[in-house]
Amino acid sequence: MTQDAARYVGAIDQGTTSTRFILVDSDGRIAALAQREHTQIHLRAGWVEHDPIEIWQRTCEVIDAALARCGANAGDVAGIGIANQRETTVIWDRQTGRPIHNAIVWQDTRTASLVRELAGDAGLDRLRERTGLPLSTYFSGPKVGWILDHVQGARQRAQAGELAFGTIDSWLLWNLTGGTEGGVHATDVTNASRTLLMDIETLEWHDEALELMGIPAVLLPEIRSCSEVYGEATVTGLAGCPVAGMLGDQQAALFGQACFSAGEAKNTYGTGSFLLVNTGERVERTRSLLSSVAYRRADQPARYVLEGSIAVTGAAVQWLRDKLGIIDSAAAVEDLARTVTDNGGVYFVPAFSGLFAPYWRDDARGAIVGLTAYANAGHIARAVLEATAWQTREVLDAVVDATGAPFGELRVDGGMTANDLLMQFQADALGVPVVRAAVAETTALGAAFAAGLAVGFWSGQDELRERWRADRRWEPQADSQWREREHALWKKAVQRSLGWV
Ligand SMILES: Nc1ncnc2c1ncn2[C@@H]1O[C@H](COP(=O)(O)OP(=O)(O)OP(=O)(O)O)[C@@H](O)[C@H]1O
Ligand SMILES: [Mg+2]
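Structure report, in brief. Computed from a predicted structure; not experimentally measured. (Residues numbered from 1 in each chain as written. Chains lettered and ligands numbered in written order. Predicted model: local features only at pLDDT ≥ 70, side-chain atom pairs only at ≥ 80, totals over all residues. Heavy atoms only, no water.)

1. What about the packing of helix H12 (residues 377–403) against helix H16 (residues 480–497)?
For any two helices packed against each other, the geometry is given by the interaxial angle and the distance between the axes. Counted only if it meets this: Angular values range over 0 to 180 degrees, each being the angle between N-to-C directions of two axes fitted as lines to C-alpha atoms, with helices fitted over their stretch in contact. The helix and strand labels rest on DSSP assignments: H or I over at least four residues marks a helix, E over at least two residues marks a strand, and numbering proceeds from the N terminus. An angle below 35 degrees is read as roughly parallel, one above 145 as roughly antiparallel, one from 65 to 115 as roughly perpendicular, and any other as oblique. Contacts were defined at the residue level, with two residues in contact if any of their heavy atoms lie within 4.5 Å. Note on residue categories: nonpolar means Ala, Val, Leu, Ile, Met, Phe, Trp, Tyr, Cys or Pro, charged means Asp, Glu, Lys or Arg, and polar means any other residue, Gly included.
Between H12 and H16, the least distance of the axes is 11 Å, while the angle of their chain directions is 100 degrees. Relative to H16, the element H12 lies roughly perpendicular. Of the residues in H16, those touching H12 at Glu386, Ala387, Trp390, Gln391, Arg393, Glu394 and Asp397 are Trp482, Arg483, Glu484, Glu486, His487, Trp490 and Lys491. Its residues assigned to classes, the contact of H12 with H16 comprises four nonpolar, two polar and eight charged.

2. Description of the site of ligand 1
This is how the line gets drawn: Each residue is tested against the molecule or strand, and it is near if at least one of its non-hydrogen atoms lies within 4 Å. Think of a polar contact as two N or O atoms within 3.5 Å of one another; within protein, one of them needs to be a possible hydrogen donor and the other a possible acceptor, and neighboring residues in sequence only count if both atoms come from side chains. Note on areas: these come from Shrake-Rupley sampling with a 1.4 Å probe, and a residue is covered only by the protein chains present in the view.
Surveying the vicinity of ligand 1 reveals 19 residues, the closest of which are Thr16, Thr17, Gly314, Gly415 and Asn419. In this structure, an oxygen atom belonging to ligand 1 sits 3.1 Å away from a main-chain N or O atom of Thr16. Between an oxygen atom of ligand 1 and a side-chain N or O atom of Thr271, the distance comes to 3.3 Å. Its free accessible area being 650 Å², ligand 1 has 81% of it covered by the protein chains. Where the shell around ligand 1 is concerned, the elements lending two or more residues are strand S2 (18–24) and helix H10 (314–324). The residue makeup of the shell around ligand 1, split by class, is seven nonpolar, 11 polar and one charged.

3. Brief notes about the pairing of strand S8 (residues 163–167)
Worth spelling out the cut-off: Buried means the residue's accessible area, taken with a 1.4 Å probe over protein chains only, is under 20% of the maximum for its type, while exposed means over 50%, and partly exposed covers the values in between. For two strands to be treated as a pair, DSSP must find no fewer than two bridges joining them.
Burial analysis of S8 places five of its five residues in the buried class, which makes it a mostly covered element. On S8, burial covers both faces: Leu163, Phe165 and Thr167 on one face and Ala164 and Gly166 on the other are all buried. In this structure, strand S6 (residues 89–93) lies alongside S8, joined through five bridges in antiparallel fashion. Directly across from Thr89, in S8, lies its bridge partner Thr167.

Given below as structure tokens:
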């Protein structure tokens, strides 16, 4: 098979709710896409699990479906990239390839008491200097600790080298490259930077963190860059293709938005929203945001991000649909919101499981405030959309505080960006333009970019920058007086949600 003949780069986007596979042509256009959902397993309140075997099966299915859709085979594919839901934790048996427990998903809060224990008198920030992160149920390390504590014999077997840990990137890479028959056990710097186990300056596993959580080093994957050949696929219709790109989904979206340089930022609006700002070769630090790796190409220096993670944005729209039943599709929220001309004084704080950035308050709970007899479903729909925009504004404010650099524009992607009303409101709330990418699948695209660069399918990042295209741009229309008044009311609503539990 000659790579010169290859027409496409392939990319897996293994997300929280579904798995996608795309084939991208040299112009950066999507030639084929297949997508399948997987089961969300909720055994108790606060627990969220996935079946890693199901995720691997869905991955194989979408690969073969997308290849079939454009009549392609492995010879048409120059390389494969992987983007994945971050932090979600799998531990499997190296001999049998079977996971010893379901994957514990990033949203899962079962490690709350373990996290308090790990913090002890030293506090939640005891690993922040080296890892860029506070101790939290959100990250992988405590989830690994929990599995080793709760699956019988797991800690001894881990010490004996019989088990392997990975985030979903590692799990897919290992299976794709042969699994028990010589599968590659590796992760990339962006995924590793979300484990609480990696030193973000040296890009190596951090002994103190491993010791604190009782995690033996032999359990861990090798940390590699985001763009290099890790191995060759041996299974699925892609057998023979090099696997050459890996990035956590939010970093992949940043890469897919061509935000390669310091100061460039994107916000991805999905279940939650994740605003990442490239800070270049410097690790920037501030207590209200997370410091992580943006990307690293082969042996070049790593680039970093400041990240504001917002737990609930699109999920609040799903809540209107599934729990209140006032809309019958996510898209219908826009029509409902347009039945009124403003929010009617109603504010919605979607603190369903506390508030992430910039508040980091797990004692907050959801609130709808400002209700009068005048308020109707349209006002509530509007307040849900506005909450997304104000949460984004507050994360961006925290970024500007930390970096001291003002913002030119915000690039956006993800399911909620189909909502034009929200996008205009977002520009108004920020006071800077909002720009939607022409390719909606920026997450998968970023993984394809990383793989394509590694195998020479594209010449370099400058070429990718040229390939990036805007679909639409929203200029702020509201005046600053309106903006500050509404922002103050939003903040007041947030105060009402704090300290509830
Ligand atoms: N027109 C719309 N207006 C508002 N929200 C919307 C609209 N369309 C979709 N959404 C919301 O966007 C979210 C889905 O976004 P997206 O498809 O980007 O997520 P995803 O990448 O599949 O998620 P994950 O990676 O977590 O699996 C849902 O929460 C949905 O409620
Ligand atoms: Mg996604």
